[in-house]
Amino acid sequence: KFKLFLEISTWKNLMLQDSASPLMEHLSYFHDHTLMVLVIITVLVSQLLISLLFNKFSHRFLLEGQMIEIIWTILPTLTLIFIAIPSLRLIYILDEINNPMITIKTIGHQWYWSYEYSDFKNIEFDSYMIPTNELNLFNFRLLDVDNRIVIPFESQIRMLITAADVIHSWTIPSLGVKIDATPGRLNQISFSSNRTG
């Protein structure tokens, strides 16, 4: 039960959920990296604004000059490159499919999901949300289902996702997985889990 509470986001949670996959760890590191860059920019700009408001002196070389214009053009460019390179690397890692052990076909319906393990014969089931009046004390409202999908941990999983009627979104935040299920289109995503639960 304790592991399950770590994976579910609660009302008092201020940070991201605990990661359960290498992809989510990379996403968390990128989030921290970008947030640190934004904090540094915010502190620097705030300090400059405060010094402008309370300082009556002006520097004659800062009023007009080629050097200061070059500096305030190059610094934001370097900052954007400093954020863009890890971002592009992460997009490539998230989109790569590495020799999956299991392929699961997922179909989104109006009020439920259908799953089919393509590598095995006749393993397919529907997963309905448990109604509020049938919940037990240990169930989570609007999250628990009658048939949960089961995946092995520490192995590569490929999901083929589509929808039967309208656009749906299949997501597990602790795995760093979110993909749209669109009617008439087959989307593919790959992930692995570090731990059980």
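The name given to the protein in an unreviewed UniProt entry is Cytochrome c oxidase subunit 2, with Chrysomela aeneicollis as the source organism. Listed under Catalytic activity (unreviewed entry) in UniProt, the entry text for the protein is "4 Fe(II)-[cytochrome c] + O2 + 8 H(+)(in) = 4 Fe(III)-[cytochrome c] + 2 H2O + 4 H(+)(out)". According to its UniProt record, the protein has this under Subcellular location (unreviewed entry): "Mitochondrion inner membrane".

(A) Spotlight on the sheet that holds strand β7 (residues 187-191). Read from one edge of the open sheet, five strands run β3-β2-β1-β4-β7, paired in mixed fashion. Of all strands in the sheet, those bounded by a partner on one side alone are β3 (124-128) and β7. Between one strand axis and the next, the sheet turns by 25° as a mean value, whatever way the strands run. Summarising the sheet, strand β4 (residues 157-163) and β7 pair through five bridges and their orientation is antiparallel. The residue bridging methionine 159 from the neighbouring strand is isoleucine 189, located in β7.

(B) Expanded view of the packing of helix α2 (residues 22-54) against helix α4 (residues 66-95). Packing of α2 against α4 brings their axes to within 11 Å, and their N-to-C directions diverge by 170°. The angle between α2 and α4 places the two elements in the roughly antiparallel class. On α4, the residues that touch Leu23, His26, Leu27, Phe30, His33, Thr34, Val37 and Ile41 of α2 are Thr79, Phe82, Ile83, Pro86, Ser87, Arg89, Leu90, Ile93 and Leu94. For the contact of α2 with α4, the residue count by class is eleven nonpolar, five polar and one charged.

(C) Fine view of the UniProt feature "transmembrane region" (unreviewed entry) in the protein. Cross-referencing UniProt, the feature "transmembrane region" (unreviewed entry) maps to residues 34-55 and 67-92 in the present numbering. For residues 67-92, the helix share is 100%, the strand share is 0%, and the end-to-end C-alpha distance is 37 Å.

(D) Up close: the pattern of salt bridges. Tallied over the entire structure, the rule returns two salt bridges. With a closest N to O distance of 3.2 Å, glutamate 116 and lysine 105 form a salt bridge. Residue glutamate 116 is found in strand β2 (residues 112-117), and its partner lysine 105 is found in strand β1 (residues 102-108); the two are separated by eleven residues along the sequence. Between aspartate 144 and arginine 148 there is a salt bridge, with the nearest N and O atoms lying 2.5 Å from each other.

(E) Seen up close, the domain arrangement of the protein. Partitioning the protein into structural domains gives domain 1 (22-55 + 63-95) and domain 2 (102-193). Placing the centre of domain 1 and that of domain 2 at their C-alpha centroids yields a distance of 37 Å. Counting from both sides, the interface comprises four residues of domain 1 and, opposite them, seven residues of domain 2. Taking both partners together, domain 1 and domain 2 bury about 380 Å²; carbon and sulfur atoms supply 57% of that area. Three residues, Pro22, Leu23 and Met24, lead the burial of domain 1 against domain 2; their summed loss comes to 78% of the area buried on that side. Our count for the domain 1 to domain 2 interface comes out at zero salt bridges. For the pair domain 1 and domain 2, the number of links is zero residue pairs in polar contact (both at pLDDT 80 or more). Of the residues in the side of domain 1 that touches domain 2, the class split is four nonpolar, no polar and no charged.

Conventions used here
- Residues numbered from 1 in each chain as written.
- Predicted model: local features only at pLDDT ≥ 70, side-chain atom pairs only at ≥ 80, totals over all residues.
- Heavy atoms only, no water.
- UniProt positions renumbered as here; feature names shortened; annotations may be inferred.
- Pairing = 2+ DSSP bridges.
- Helix = DSSP H or I, 4+ residues; strand = E, 2+ residues; numbered from the N terminus.
- Axes fitted to C-alpha atoms, helices over the stretch in contact; angles between N-to-C directions.
- Parallel < 35°, antiparallel > 145°, perpendicular 65-115°, else oblique.
- Contact = heavy atoms within 4.5 Å.
- Nonpolar A, V, L, I, M, F, W, Y, C, P; charged D, E, K, R; others polar.
- Salt bridge = Lys/Arg side-chain N within 4 Å of Asp/Glu carboxyl O.
- Domains from an automatic or database assignment.
- Buried area = accessible area lost by both parts, 1.4 Å probe.
- Polar contact = N/O pair within 3.5 Å; in protein donor to acceptor, adjacent residues only side chain to side chain.

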